[in-house]
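Architecture and fold: a report
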Amino acid sequence: MIARKNTFLLFVFNALLFLFLILFHYSGISIKISSANPISALALLVAIIMFSGEVSGVITGAVLGIILDSVTATPVGFNTVTLIVISFFAVLVSHYLFNRNLKSAVVLCLICAALYFAARWLVGFAFSGDIKGSFNYLLRYAAGSSIYTALFVIPFYYIEKRLFFKFGTVR
């Protein structure tokens with residue numbers, strides 16, 4: 001009974017943290033540096049995946065994708081499909097290849113952010129006809145945003161590490 005209550009508290013805290021990050025990101029308050037704009041919810045997703053199980057990590061990615069699809073201007077279903085694939089990749093890499101430490105979290109977040117922005121480039125810019133604008137997006141926006149997003153995993157890693165050891169079950 002106690003384990004279920006603690007897991008529920010972990011779920012509620014993470015859901016509120018996701019909600020805050022999404023509201024903050026789309027509120028008009030900008031934390032951009034030049035043209036780099038981080039997706040902090042993706043960094044939180046990677047931090048959660050580092051400590052959660054395989055199924056819950058992919059389900060969290062799917063739910064985050066559905067929420068992001070409801071507020072972004074990307075094609076319908078893009079974020080859901082992309083984040084499910086990225087979550088599946090991140091779960092496998094973090095559980096079977098990487099150690100559970102901060103360096104691994106930063107590298108994994110950088111890879112996941114790069115995959116997300118590459119998928120966004122393929123869907124929105126790669127075949128638009130404007131080659132210069134297409135590669136401009138990759139070099140000026142996607143590369144910087146991937147690095148900036150990876151830096152956001154640092155505080156989330158420590159928050160999730162503490163939460164999962166206190167409230168959840170660590171795999």
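The following refers to the structure shown.

Basis of the calculations
Residues numbered from 1 in each chain as written. Predicted model: local features only at pLDDT ≥ 70, side-chain atom pairs only at ≥ 80, totals over all residues. Heavy atoms only, no water. Helix = DSSP H or I, 4+ residues; strand = E, 2+ residues; numbered from the N terminus. Rg over C-alpha atoms; globule rule 2.2 N^0.38 Å. Buried < 20%, exposed > 50% of the residue type's maximum accessible area, 1.4 Å probe, protein only. Contact = heavy atoms within 4.5 Å. Areas by Shrake-Rupley, 256 points an atom, 1.4 Å probe, with all protein chains shown as cover. Lys, Arg positive; Asp, Glu negative; His and termini not counted. Charge placed at Lys NZ, Arg CZ, Asp CG, Glu CD. 1 Å grid on protein atoms, 1.4 Å probe; cavity = no way out; pocket = protein on both sides within 12 Å on 5 of 7 lines; lining within 4 Å. Points joined across faces, edges and corners; volume = space filled by probe spheres on them. Nonpolar A, V, L, I, M, F, W, Y, C, P; charged D, E, K, R; others polar. Polar contact = N/O pair within 3.5 Å; in protein donor to acceptor, adjacent residues only side chain to side chain.

Of regular secondary structure, the protein chain possesses six helices and zero strands. In the protein chain, the succession of helices and strands from N to C terminus is α-α-α-α-α-α. Relative to the globule expectation of 16 Å for 171 residues, the C-alpha radius of gyration of the protein chain, 16 Å, shows essentially globular dimensions. Referenced to the eigenvectors of the C-alpha coordinate spread, the extents of the protein chain come out at roughly 60 × 30 × 25 Å. Counting across all 171 residues of the protein chain, residues that qualify as buried make up 41%. Counting only contacts in the protein chain whose residues sit at least 6 apart along the sequence, the fraction spanning at least 24 positions is 75%. When the accessible surface of the protein chain is summed, it comes to about 9500 Å², and 72% of that surface belongs to carbon and sulfur atoms. Of the side chains in the protein chain, 12 bear a positive and 4 a negative charge, and the two mean positions are spaced by 12 Å.

On to empty space enclosed by the protein, then. A probe matching the size of a water molecule, rolled over the atoms, marks out where space remains unfilled. In this structure the tally under the stated criterion is one cavity of 30 Å³ or more. Taken as a whole, the largest cavity holds about 50 Å³ of empty space. As for the largest cavity, its lining consists of Leu 21, Ile 22, His 25, Tyr 26, Ile 39, Ser 40, Ala 41 and Leu 68. Elements that contribute at least two residues to the lining of the largest cavity include exactly α1 (2-25) and α2 (40-51). Examining the composition of the lining of the largest cavity, we find that three residues originate from one element, α1, more than from any other. Of the residues contributing to the lining of the largest cavity, the split by class is six nonpolar, two polar and no charged.

A few words on the side chain of Ser 94. When you line up the elements, Ser 94 lands in helix α4 (residues 78-96). From its side chain, Ser 94 meets the backbone oxygen of Val 91 in a polar contact 3.4 Å long.

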